[in-house]
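# Chains, contacts and geometry: an overview
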Amino acid sequence: MTLFQDLIDRLTGHRRLTLTETQRMLVLRNGVFDAILGPGKHRLPRKDVLTELHDLEKLFFVSPYERALMQNRPELAAKHLTEFRAGPEEILVLLRDGVPVRVLNPEARALVWKTAGPWEVEHHALTETMAVPKAVAQRLVRAGLRLNLTQVEVAEGHTGLLTVDGVLVDQLNPGAHAFWKVGRNVEVKQIDLRQRTHEVTGQEILTKDRVTIRVNLSADYRVVDPVTAVGTVKDFDQALHRALQLAFRKTLGAMTLDRLLAEKVTVDTEAADRVRAQMAGIGIEVGEIALKDVILPGEMREILTAVVAAEKQAEANVIRRREETNATRSLLNTAKVMAENPVMLRLKELEALETIAGKVERLTVHNGTEGLMSDLVKLRE
């Protein structure tokens, strides 16, 4: 039978083909759409017939004849295909058996084979922030459609400033965020809201008495208004750095070196208040500001060391002379008391005798105690 059918097909100019359940065939006869063939055996003329084989596992109908088919044979297309088209301000998520398989951007379209379904569609309106609901974003990621999203994670202790096409539209809390990738420029700038310390090291300043010194400064600060901080200045860290430099240069430059060293702990009050007021205007709260170190040139350190040494020596001499004067005055007072009181003199003599007796083995006194201070005192060791 097969040989006979083959013979007939060759004589009549036909050919036979078989399609499986996962195949469909688009047939054009004499350049005109004729049919879309389903599974089974088919007999087609060999002459003036053009065919295009499609695999249903690819889900979507993609063909150079797609637009012509929809326009010229809409009834044929409607029988086998379903068209999805997104509006100008919406995103479509196509689902097959409840699983996302494709995301359609605004005004995009897609043709799917009806028999490859069942099909569902979700409509998501585009918002100003381009944000994707968290549950939707998680489903798309699990389905392997991550490329349709822009994903950002805002760290703990930070805030995210969301801009769309260069315009600030939202402020994001810590956590994971997703946005539709539809040809618009979505960026998130993370701002650290935690307390931080800014250091200014090696700042050279000329004092009022024309001594060049270098100082190290530190300031604790935190961002309290990130929108103002980012929108007012290009870099608020650099703004704080410059504010510290200028404020302390102005304050310390009006002081002599001696005064600066003497008032190092409290000298930064005026400059600190000026910095705090300036930074508050750009959304930065400045806490403690400290003048940590004052570094002098080498020759100036040697001079100051010599000056300090001389001052300490002078202080020591004054103290020594004061003590000598006090000791002499005490001896004079003692002598006056003894001259006026013979009994007191005799007690002092006995104290001296007791002291001497404690240091020798034997003490011999001639002529009694009357001759202790005027006669011979014999000591034997």
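A brief structural summary.

### Considering the overall build of the protein
A tally of regular secondary structure across the protein gives 10 helices and 20 strands. Relative to its full complement of 381 residues, the protein shows a buried share of 33%. Summarising the internal contacts of the protein: among those between residues at least 6 apart in sequence, 61% fall at separations of at least 24. Counting only carbon and sulfur atoms, one obtains 52% of the accessible surface of the protein, whose full area is about 23,500 Å².

### Structural notes on the packing of aromatic side chains
In the structure shown here, the tally under the stated rule is three aromatic pairs. Taking 5.3 Å as the distance between ring centres and 80° as the angle between the ring planes, the aromatic pair formed by Phe-61 and Trp-113 counts as edge-to-face. Of this pair, Phe-61 sits in the loop between β5 (49-55) and α2 (66-72) while Trp-113 sits in strand β9 (residues 109-113), placing them 52 residues apart in sequence. An identical accessibility class is assigned to Phe-61 and Trp-113; each is buried. Sitting above the plane of the Phe-60 ring, Arg-102 keeps its charged end 4.6 Å from the centroid.

### What to know about the side chain of Glu-52
Tracing the sequence through the fold places Glu-52 in strand β5. Here the side chain of Glu-52 touches His-54 through a polar contact of 2.7 Å, side chain to side chain. At a separation of 2.6 Å, a polar atom in the side chain of Glu-52 contacts the side chain of Ser-63. Setting aside its immediate chain neighbours within four residues, Glu-52 contacts Arg-24, Met-25, Leu-26, Ser-63, Pro-64 and Tyr-65.

### With respect to the layout of surface pockets
Of the volumes computed, that of the largest pocket is approximately 270 Å³. Along the wall of the largest pocket there are 17 residues; nearest its centre are Lys-134, Ala-137, Ala-176, His-177 and Ala-178. Grouping the amino acids of the lining of the largest pocket by side-chain chemistry returns 10 nonpolar, four polar and three charged.

### Focus: the environment of Leu-244
As for its position among the elements, Leu-244 is in helix α6 (residues 236-253). Here the alpha-carbon distance between Leu-244 and Glu-199, two residues 45 residues apart in the chain, equals 9.5 Å. For Leu-244, the contacting residues outside a window of four places in its chain are His-198, Val-200, Leu-217, Ala-219, Val-275 and Ile-289.

### As for helix α4 (residues 134-142)
Every buried residue of α4 is accounted for by Val-136, Ala-137 and Leu-140. Along the long axis of α4, the arc covered by the buried residues comes to 100°, so they all point the same way. Of the exposed residues in α4, the ones pointing more than 90 degrees away from its buried face are Lys-134 and Arg-142. If you follow the buried residues of α4, they end up packed against β7 (90-96), β8 (99-104), β10 (119-125), β11 (149-154) and β14 (175-180).

### Details of the sheet that holds β5
The three strands are arranged β3-β2-β5 in an open sheet whose pairing can be described as antiparallel. The strands lining the two open edges of the sheet, one partner per strand, are β3 (32-37) and β5. Taking the axes of each pair of neighbouring strands and ignoring which way they run, one obtains an average angle of 20° across the sheet. One ladder, built from seven bridges, connects strand β2 (residues 23-29) with β5; its direction is antiparallel. Within the sheet, the bridge partner assigned to Met-25 lies in β5 and is Leu-53.

### Description of the pattern of salt bridges
Across all of its chains, the model carries 11 salt bridges by this definition. For the salt bridge of Glu-122 with Arg-139, the shortest nitrogen-to-oxygen distance reads 2.8 Å. Here Arg-139 lies in helix α4 and Glu-122 lies in strand β10, a separation of 17 residues in the sequence. With relative accessibility at 21%, the residue Glu-122 sits in the partly exposed group. Within this structure, Glu-66, Glu-83, Arg-85 and Arg-109 form a network of salt bridges that share partners.

### Things to note about the nonpolar core
Counting residues in each nonpolar core, the largest one holds 34 residues, and the members touching the most others are Ile-213, Leu-244, Met-279 and Ile-284. Those elements that place two or more of their residues in this core are β16 (196-206), β17 (212-223), α6, α7 (257-262), α8 (269-280) and β18 (284-295). Sort the elements by how many residues they give to this core and α6 lands first, with eight residues. For Met-279, the residues in contact, after removing those within four places along its chain, are Phe-236, Ala-239, Leu-240, Ala-243, Ile-284 and Val-286.

### With respect to the sheet that holds β18
Ordered in space as β16-β17-β18, the three strands form an open sheet in which the pairing is antiparallel. The open sheet has two edge strands with one neighbour each: β16 and β18. Between one strand axis and the next, the sheet turns by 20° as a mean value, whatever way the strands run. With nine bridges joining them, β17 and β18 adopt antiparallel strand pairing. Each residue of the ladder has a partner; that of Val-223, found in β18, is Ile-284. Sitting on the sheet, α6 touches β16, β17 and β18, and the angle it makes with β16 is about 40°.

Reading the values: rules and limits
- Residues numbered from 1 in each chain as written.
- Predicted model: local features only at pLDDT ≥ 70, side-chain atom pairs only at ≥ 80, totals over all residues.
- Heavy atoms only, no water.
- Helix = DSSP H or I, 4+ residues; strand = E, 2+ residues; numbered from the N terminus.
- Buried < 20%, exposed > 50% of the residue type's maximum accessible area, 1.4 Å probe, protein only.
- Contact = heavy atoms within 4.5 Å.
- Areas by Shrake-Rupley, 256 points an atom, 1.4 Å probe, with all protein chains shown as cover.
- Phe/Tyr/Trp six-rings, centres within 6.5 Å; stacked < 30°, edge-to-face > 60°.
- Lys NZ or Arg CZ within 6 Å of the ring centre and 35° of its normal.
- Polar contact = N/O pair within 3.5 Å; in protein donor to acceptor, adjacent residues only side chain to side chain.
- 1 Å grid on protein atoms, 1.4 Å probe; cavity = no way out; pocket = protein on both sides within 12 Å on 5 of 7 lines; lining within 4 Å.
- Points joined across faces, edges and corners; volume = space filled by probe spheres on them.
- Nonpolar A, V, L, I, M, F, W, Y, C, P; charged D, E, K, R; others polar.
- Arc of directions from axis to C-beta.
- Pairing = 2+ DSSP bridges.
- Axes fitted to C-alpha atoms, helices over the stretch in contact; angles between N-to-C directions.
- Salt bridge = Lys/Arg side-chain N within 4 Å of Asp/Glu carboxyl O.
- Core = buried A, V, L, I, M, F, W, Y, C linked by side-chain atoms within 4.5 Å.

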